[in-house]
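Residue strings, one per chain:
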Amino acid sequence: MDIDWGALAAVFGVSLGITVVVVVMFALGLAAWARAGTEEPAPDVSRGRHRKAAAVTAVLCFAACLSVAAYGIDLIVPG
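Okay, so let's go over this structure. (Residues numbered from 1 in each chain as written. Predicted model: local features only at pLDDT ≥ 70, side-chain atom pairs only at ≥ 80, totals over all residues. Heavy atoms only, no water.)

1. Notes on the overall build of the chain
When you go through the chain residue by residue, the secondary structure sums to two helices and zero strands. For the chain, the residues scored as buried account for 11% of the 79 residues in total. Sequence-distant contacts in the chain: of pairs separated by 6 or more residues, those separated by 24 or more amount to 55%. Summed over its atoms, the accessible surface of the chain is roughly 6300 Å², and 74% of this surface lies on carbon and sulfur atoms. (Helix = DSSP H or I, 4+ residues; strand = E, 2+ residues; numbered from the N terminus. Buried < 20%, exposed > 50% of the residue type's maximum accessible area, 1.4 Å probe, protein only. Contact = heavy atoms within 4.5 Å. Areas by Shrake-Rupley, 256 points an atom, 1.4 Å probe, with all protein chains shown as cover.)

2. Focus: the environment of G29
With respect to the helices, strands and loops of the structure, G29 is situated in helix 1 (residues 5–38). By relative accessible area, G29 is classed as buried at 0%. Contacts of G29, omitting those with residues within four sequence positions, involve A58, C61 and F62.

Put into structure tokens, the structure is as follows:
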């Protein structure tokens, strides 16, 4: 039984990369969610518009994390 070290390294690299991307997206989602209610907007942007943009950004980041997790579960669970 031989180990294909190249394939093992490729799987490790992709797994590490996806993990970093998911952690960064989740952190950005948390930061955007926190900004939706606390940070002052720029002078030329209304407060409601700033909150909506931050909330949409947070939802998109969390949706990206959820889609990666769902895809991983789909790969693992047969059927």
